[in-house]
Amino acid sequence: MAAQLTDDELSAALSGDPSGFSAVYSVISPAVLGYFRARGVDDAEALTQDVFVDVLPKLSNVRGGHSGLRTFIFSVAHARLVDYHRRSARTPHFTEFDPLEDHRRSGSAEDEVLGSMGGITSALATLNDDQREVLVLRIVADLSVEQVAGIMDKTPGAIKQLQRRGLIALRELVKEKDHAAS
């Protein structure tokens, strides 16, 4: 059987004595905690604390002895439970992100940039692989001839020649498009 509050502890609590409140808390808080746990509250301890924070300043107004005090505390607990459920209903429930469940797809940043360059991707596709690689590394990546030569394992002269031939091919392609558009 649960511990009971003595008449002295009850009168001390109702008169505002801290030791009386401590006794009320130690006797009644386990029942309030059990009430919240039975009703499915996630953080029942925090809600129990909230109840007694609300009860403390109002203890001097309680009437009806032991049963009046219990009724008052559980009426506050019930109000807190209703508030908790209302808040839970309005609060979105968060779940872990699962990339396998995410069906959204988007292109890479590189594809978007190259696509927004006015058809440069299709123009580069007309070049051979080495010419295209040299132009992208030299112009887009802003690398020097020596750096590109090191990356592609070619001589600086070969890189200059590939760049020259690639630019000539692109110039011819632009001229063809200009003549076709006229």
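In short, a report on the structure. Please read these numbers as outputs of a predicted model, since none were measured by experiment. (Residues numbered from 1 in each chain as written. Predicted model: local features only at pLDDT ≥ 70, side-chain atom pairs only at ≥ 80, totals over all residues. Heavy atoms only, no water.)

1. Focus on the overall build of the protein
- Regarding its fold elements, the protein presents 9 helices and 0 strands.
- Relative to its 182 residues, the protein shows a buried fraction of 27%.
- Counting contacts in the protein only where the partners sit at least 6 residues apart, residues at least 24 apart contribute 53% of the total.
- Accessible surface, the protein as shown: approximately 12,400 Å² in total, 55% of it carbon and sulfur. (Helix = DSSP H or I, 4+ residues; strand = E, 2+ residues; numbered from the N terminus. Buried < 20%, exposed > 50% of the residue type's maximum accessible area, 1.4 Å probe, protein only. Contact = heavy atoms within 4.5 Å. Areas by Shrake-Rupley, 256 points an atom, 1.4 Å probe, with all protein chains shown as cover.)

2. Re the packing of aromatic side chains
- Under the definition given, this model contains 4 aromatic pairs.
- With a centroid separation of 5.9 Å and an interplanar angle of 85 degrees, the aromatic rings of Tyr 35 and Phe 74 are classed as edge-to-face. With a gap of 39 residues between them, Tyr 35 in helix 2 (residues 18-38) and Phe 74 in helix 4 (residues 65-90) connect regions that are remote in the sequence.
- Of the residues examined, Phe 74 reaches a relative accessible area of 23% and is grouped as partly exposed. (Phe/Tyr/Trp six-rings, centres within 6.5 Å; stacked < 30°, edge-to-face > 60°.)

3. Regarding unusual backbone geometry
- The backbone of Asp 142 sits at a positive phi, close to 60 degrees, despite the residue not being glycine.
- The topology assignment puts Asp 142 in the loop between helix 7 (129-140) and helix 8 (145-152).
- We note that Asp 153 has phi near 55 degrees; this positive angle belongs to a residue other than glycine.
- Among the secondary structure elements, Asp 153 is positioned in the loop between helix 8 and helix 9 (156-181).
- Judged by relative accessible area, Asp 153 falls into the exposed class, the value being 71%.

4. So, the pattern of salt bridges
- Within this structure, the stated rule accounts for 5 salt bridges.
- Across the salt bridge formed by Asp 130 and Lys 154, the nearest N and O atoms sit 3.7 Å from each other. You can see Asp 130 sitting in helix 7 and its partner Lys 154 sitting in the loop between helix 8 and helix 9, a full 24 residues away along the chain.
- Taken together, the salt bridges that share partners define one network made up of Asp 54, Arg 80 and Asp 83. (Salt bridge = Lys/Arg side-chain N within 4 Å of Asp/Glu carboxyl O.)

5. Some points on the nonpolar core
- Formed by 25 residues in total, the largest nonpolar core has its most connected members in Val 24, Ile 28, Phe 36, Val 51, Phe 52, Leu 69 and Ile 73.
- Residue assignment for this core shows that the elements contributing at least two residues are helix 1 (7-14), helix 2, helix 3 (44-55) and helix 4.
- Of all the elements, helix 2 adds the most residues to this core, at 8 residues.
- With near-sequence residues (within four places) excluded, Val 51 lies in contact with Phe 36, Ile 73, Val 76, Ala 77 and Arg 80. (Core = buried A, V, L, I, M, F, W, Y, C linked by side-chain atoms within 4.5 Å.)

6. Digging into helix 1
- Among the residues of helix 1, those classed as buried are Leu 10, Ala 12 and Ala 13. One side of helix 1 carries all its buried residues, which in axial view fall inside an arc of 165 degrees. Facing away from the buried side of helix 1 by more than 90 degrees, the exposed set consists of Asp 7 and Asp 8.
- On its buried face, helix 1 is in contact with helix 2 and helix 4.
- At the C-terminal side of helix 1, Gly 16 shows a positive phi close to 100 degrees. (Arc of directions from axis to C-beta.)

All we've got here are geometric facts, nothing functional implied.
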